[in-house]
Amino acid sequence: MRSVTKTDSVLDDRDDMDDILSQIALSTAQSIGTPFLAGLVKSMRTAMDVTVVFVTVGVGNPVRRARSISSWREDEDNPSFEYDLEGTPCRLVYNGETVTISEGVYRRFPREANFESYVGVPLHRADGTTMGHFAVLSKTAIPKPAEALAIVQLFALRAEAELQRIELQREMEALVASLSQATRRLTSQHEELRLTNEAKTALLGTMAHDLKNP
C-alpha cells in the first residue's frame, strides 16, 4: 500500500486536468445536494477506469460504519448501501489517511474480493474533522497511481465543498427554526402578559370606582 498526500500528486498534463475540471462542471451544472453528488460520481467513469465510485459519511460516534450518499457501480446509478469499516481500506481513510493501492487490494483486504485497486480520500468538515470519504475501486490495476490520486482528489474536493455546504445549510435551517420557535414563545408570553395587565387594569379601575362610590 502506498499513502500519498495532496502535495505529492500533480497531474503532469495540464490539458488533462482542464478536461477533468470541465467534465466536473458539466456533470454538476445547476445542481446542488444529492443531484450534484450523483452527477459528480457518475462523471468519474469518464475520467478514469473504475468499477465503483462512492461518497460516504460516517455513522456512529466513534465512527464504525459508512453510509453512501451517492454512488455509481457499473452502469447502476446511486445504489444505496451501508457497511462496516473494519477490514476495509476505507477504515484507513476515515482515520485521516489518503490511500492509494495500485494493485492487489484484495490481498491486503480480503473483503474487497474481485477488486484490484483502490483510491480513497478523506472528506473534512469546516473544522477539519473527517466526515466521510470519496473512494473508487477497480477490477484492474492502476498504471499511474500518482495521476489516479490527483484525479480522485479533484473530485473529492468538489464533494467535500458540497457536503460542507449541506452541513452549513442544515445548521442555518436549524438556527432559523430555533429562532422561530423562540419568537413564537416570546410572542405568546407577551400576549399572556398583555391580557394579564388588561385584567389588572380593569380590576384596579373597578376598585377605584368602588372606593369613590362605596
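Summarised in this report is the structure supplied together with it. (Residues numbered from 1 in each chain as written. Predicted model: local features only at pLDDT ≥ 70, side-chain atom pairs only at ≥ 80, totals over all residues. Heavy atoms only, no water.)

## A short note on the packing of aromatic side chains
And then number 1: Enumeration according to the criterion identifies four aromatic pairs in this entry.
And then number 2: Ring centres of Phe54 and Phe81 lie 5.8 Å apart, and the angle between their planes is 75 degrees; this geometry places the pair in the edge-to-face category. Of this pair, Phe54 sits in strand S2 (residues 52-59) while Phe81 sits in the loop between strand S4 (76-77) and strand S5 (82-84), and the two are 27 residues apart along the sequence.
And then number 3: Where Phe134 meets Phe155, the ring centres are 6.2 Å apart and the plane angle is 35 degrees; that geometry is what we call tilted. Of this pair, Phe134 sits in strand S8 (residues 130-138) while Phe155 sits in helix H5 (residues 145-212), and the two are 21 residues apart along the sequence. With respect to burial, Phe134 and Phe155 carry one shared label: buried.
And then number 4: Taken together through their ring pairs, the aromatic side chains of Phe54, Phe81 and Tyr83 make up a single cluster. (Phe/Tyr/Trp six-rings, centres within 6.5 Å; stacked < 30°, edge-to-face > 60°. Helix = DSSP H or I, 4+ residues; strand = E, 2+ residues; numbered from the N terminus. Buried < 20%, exposed > 50% of the residue type's maximum accessible area, 1.4 Å probe, protein only.)

## Some thoughts on the pairing of S8
And then number 1: Counting buried positions over the nine residues of S8 gives eight, a clear majority of the element.
And then number 2: As paired strands, S2 and S8 are joined by six bridges and run antiparallel to one another. Note on S8: the bridge partner recorded for Val57 is Gly132.
And then number 3: Bridge count for strand S7 (residues 117-124) against S8 is eight bridges, and the pairing is antiparallel. Within S8, the residue paired with Ser117 across the bridge is Ser138.
And then number 4: From the end of S7 to the start of S8, which pair antiparallel, there are five residues, and Gly128 there has a positive phi angle of about 95 degrees. (Pairing = 2+ DSSP bridges.)

## Description of the pattern of salt bridges
Opposite charge on two side chains allows them to pair when their charged atoms are near.
And then number 1: Within the structure shown, the criterion is met by five salt bridges.
And then number 2: The shortest N-O distance in the salt bridge between Asp84 and Arg65 comes to 2.5 Å. Residue Asp84 is located in strand S5, and its partner Arg65 is located in strand S3 (residues 65-73); the two are separated by 19 residues in the primary sequence.
And then number 3: Overall, the relative accessible area of 38% leaves Asp84 in the partly exposed class.
And then number 4: Owing to a relative accessible area of 28%, Arg65 belongs among the partly exposed residues under this scheme.
And then number 5: Between Glu162 and Arg165 there is a salt bridge, with the nearest N and O atoms lying 2.8 Å from each other. Of the two residues, Glu162 and Arg165 both sit in helix H5, three residues apart, roughly one turn of that helix.
And then number 6: Residue Glu162 is classed as buried on the basis of its relative accessible area of 6%. (Salt bridge = Lys/Arg side-chain N within 4 Å of Asp/Glu carboxyl O.)

## A closer look at unusual backbone geometry
And then number 1: With an omega of 5 degrees, the peptide bond between Asn61 and Pro62 qualifies as cis.
And then number 2: Tracing the sequence through the fold places Pro62 in the loop between S2 and S3.
And then number 3: Despite not being glycine, Asn114 has its phi angle at roughly 80 degrees, a positive value.
And then number 4: As for its position among the elements, Asn114 is in the loop between helix H4 (105-108) and S7.
And then number 5: The class for Asn114 is exposed, based on a relative accessible area of 66%.

## What about the environment of Val52?
And then number 1: Of note, Val52 is situated in strand S2.
And then number 2: When the C-alpha atoms of Val52 and Ala135 are compared, they prove to be 8.2 Å apart, with 83 residues separating the residues in sequence.

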